[in-house]
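Remarks on the overall topology
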Amino acid sequence: MLVNLKTLLTKAYIDKRAVGSFNVYSYETIHGVCKAIKITEKPAIISFGASYMKNMSLECVKSIVDEAVKDMPEDTVLHLDHCRDLKIIKAAIDAGFTSVMYDGSALDFEENIKNTKDVVDMAHAENVSVEAELGKVALGDYSNETDIDSKQAFTNPSSAAEFAERTNIDALAVSIGTVHGMYKGEPNIRIDILKEINAATDIPLVLHGGSGTPKKTLIDCIKNGICKINVNTEISRYTVRKMYKAIEDEPNIHLSKLALLETEFVSESVSEYIRLFYRN
Ligand code: 13P
């Protein structure tokens, strides 16, 4: 069933678990994520980034998701990832998305608060949840998020508390050293900063840049307030590598069979993350 992000994360926050948020941009990736939810029997978030509107329209995503979640007992969220354009956010709400992310991380503090509040007013009126970001997540290798401002800036814990309180958001994306894409060197994830943010705030925290982050670090993050973990690049890399092998094994494979394999490979990769994040 499609629920909003607040509903899903409130439970995870209390249980000290994280829900995986996985980027989709095609029929195959949507069905791959939904298949993983069915196999693991655990909730997850279907996340469509505004940057993928070249691939699919918001309405097309919603109609494929509606069909895919029809017989699914687990709760699911249809989330709009990274969006700076209030018109697109409004269109996603109108299309039936149950959660949106306003990304004002490139703006100064007051401007980010003002725009985020406008989004919260618009979204909450329709029972849609809002995630916003404070601080900046850097850009690593092989990410598709090339149009996001990519300079690293850690989230300031006391500003995070003020930001969450003044905007009334449902989840806060923080910057603690993860990157969008694969790390260029050794990851240096500042659990100490995360602990301070978690102590200063009382809302679910979101970790962007899940790809390439060591499992132990991800578990530490979950223990310290992270309730939603975004993963994109690793799933793409896993799937592309497996498809490359499938084509090597059978160069004349029909495209329709390759599409089915793509769904399968996405599901394999996503299932592993869901099991890691949503532990009992
Ligand atoms: P990765 O591509 O590093 O997994 O990050 C995904 C993400 O944060 C999407 O918002």
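Remember, it's a predicted structure, so these values are computed and weren't measured experimentally.

Moving on, we get to the site of the ligand. In the vicinity of the ligand lie 15 residues, with Asp 81, Gly 181, Ser 211, Asn 232 and Thr 233 positioned nearest. One nitrogen or oxygen atom from the side chain of Ser 211 is found 2.5 Å from an oxygen atom belonging to the ligand. The contact in question runs from an oxygen atom of the ligand to an N or O atom on the side chain of Thr 233, over 2.5 Å. Burial of the ligand by the protein amounts to 100% of the accessible area it has alone, namely 300 Å². Going through the elements one at a time, strand E3 (76–83), strand E8 (179–180) and strand E10 (226–231) are the ones with two or more residues in the shell around the ligand. Classifying every residue of the shell around the ligand gives two nonpolar, eleven polar and two charged.

All right, on to unusual backbone geometry then. The backbone of Lys 16 sits at a positive phi, close to 55°, despite the residue not being glycine. Considering the arrangement of structural elements, one finds Lys 16 in the loop between helix H1 (5–15) and strand E1 (19–23). Accessibility expressed as a relative area gives 55% for Lys 16, which makes it exposed. In the Ramachandran plot, Asn 127 falls in the positive-phi region, its phi being about 65° despite a non-glycine side chain.

This brings us to the pattern of salt bridges. Oppositely charged side chains can pair when the atoms bearing their charge come close. With the rule as written, the count across this model stands at 16 salt bridges. The residue Lys 62 makes a salt bridge to Asp 66 at a minimum N-O spacing of 2.7 Å. With a gap of four residues between them, Lys 62 and Asp 66 both fall in helix H3 (residues 58–68), about one helical turn apart. Residue Lys 62 is classed as buried on the basis of its relative accessible area of 16%. The class for Asp 66 is partly exposed, based on a relative accessible area of 31%. One salt bridge in this structure joins Glu 162 and Arg 166, with 2.7 Å as the shortest N-O distance. Here Glu 162 and its partner Arg 166 are both found in helix H6 (residues 157–167), four residues apart, which amounts to about one turn of the helix. Shared partners join several salt bridges into a network, and the residues in it are Glu 110, Glu 162 and Arg 166.

Take H6 next. An α-helical turn contains 3.6 residues, so any two residues separated by three or four positions project in the same direction. When H6 is considered as a whole, its buried residues turn out to be Pro 157, Ala 160, Phe 163, Ala 164 and Thr 167. Angular distribution of buried residues about the axis of H6 spans 115°; they occupy a single face of the element. Exposed side chains of H6 directed beyond 90 degrees from the buried face belong to Ser 158 and Glu 165. Two or three places before Ser 158, at the opening of H6, Asn 156 has a side-chain oxygen 2.9 Å from that residue's backbone nitrogen. Where H6 ends, the next residue or the one after it, Asn 168, has phi of about 60°, a positive value.

About the cut-offs
- Residues numbered from 1 in each chain as written.
- Predicted model: local features only at pLDDT ≥ 70, side-chain atom pairs only at ≥ 80, totals over all residues.
- Heavy atoms only, no water.
- Near = heavy atom within 4 Å.
- Polar contact = N/O pair within 3.5 Å; in protein donor to acceptor, adjacent residues only side chain to side chain.
- Areas by Shrake-Rupley, 256 points an atom, 1.4 Å probe, with all protein chains shown as cover.
- Helix = DSSP H or I, 4+ residues; strand = E, 2+ residues; numbered from the N terminus.
- Nonpolar A, V, L, I, M, F, W, Y, C, P; charged D, E, K, R; others polar.
- Buried < 20%, exposed > 50% of the residue type's maximum accessible area, 1.4 Å probe, protein only.
- Salt bridge = Lys/Arg side-chain N within 4 Å of Asp/Glu carboxyl O.
- Arc of directions from axis to C-beta.

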